[in-house]
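Spelled out, the chains give:
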Amino acid sequence: AQQRQQEEAMAAMAMRRGLGLGMQLRRATAPALGAQRAFGGARALSSFRYLKSHEYAKVEDGSDVATVGISDFAQTQLGDVVFVDLPMVGDSFEKEETFGSVESVKAASDVYAPVSGEVVEVNEQLVDKPELVNSHAMSDAWFVKIKMSNSAELEELLDEAAYAQHAKDEDH
């Protein structure tokens, strides 16, 4: 929890200072690089794991529930978010299957499940306040919580360093 608070504080500070996205991601992820966390026999390099399509899965140590949302990079690319379409609790999805969408003043985009499993919680506050995605994409503006059916899928996702490089490459 302390590491997450540090990451969020550093990302917020970088954003306030108006640094480019690449610098924000490097600063926000630096404390987590090389960190090893155990999860149900699988090893994750950090608490956040990513699809190349910019969705994240955040899993607390020992949990089988992934908190899922879109990355800060994704919300920056979308612009002002005006609507979020979310699934219902009890819905099940396979990894990389569309589970919802996010609409902004610029575009609409599907949102994909980074892991397979059943939705056990939906962030209802996004229905009335979709703009939270722009200010708190990596914390309070998570989309769903998924009880994972296969935690090994986490290993197939990008770790924070690989995702930071992917976002940097895509931004240029």
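Cut-offs used in this document
Residues numbered from 1 in each chain as written. Predicted model: local features only at pLDDT ≥ 70, side-chain atom pairs only at ≥ 80, totals over all residues. Heavy atoms only, no water. Pairing = 2+ DSSP bridges. Helix = DSSP H or I, 4+ residues; strand = E, 2+ residues; numbered from the N terminus. Buried < 20%, exposed > 50% of the residue type's maximum accessible area, 1.4 Å probe, protein only. Contact = heavy atoms within 4.5 Å.

Before going further, it helps to spend a moment on the sheet that holds strand β3 (residues 48-50). Read from one edge of the open sheet, six strands run β3-β4-β5-β11-β10-β7, paired in antiparallel fashion. Looking along the sheet, the strands with just one partner apiece sit at the ends: β3 and β7 (92-93).

Regular strands place side chains that alternate from one sheet face to the opposite one. The pairing of strand β8 (residues 98-104) with strand β9 (residues 108-112) spans five bridges and is antiparallel. Looking at the pairing, Val102 lines up with Ser109 of β9. Taking the residues between adjacent antiparallel strands as the criterion, β8 and β9 are bridged by three residues.

The next subject is the side chain of Lys95. Here Lys95 is to be found in the loop between β7 and β8. Using a relative accessible area of 18% as the deciding quantity, one classes Lys95 as buried. Ignoring any residue separated from it by four or fewer positions in sequence, one finds Lys95 in contact with Leu51, Ala113, Pro114, Val115, Ser116, Glu153, Glu156 and Leu157.

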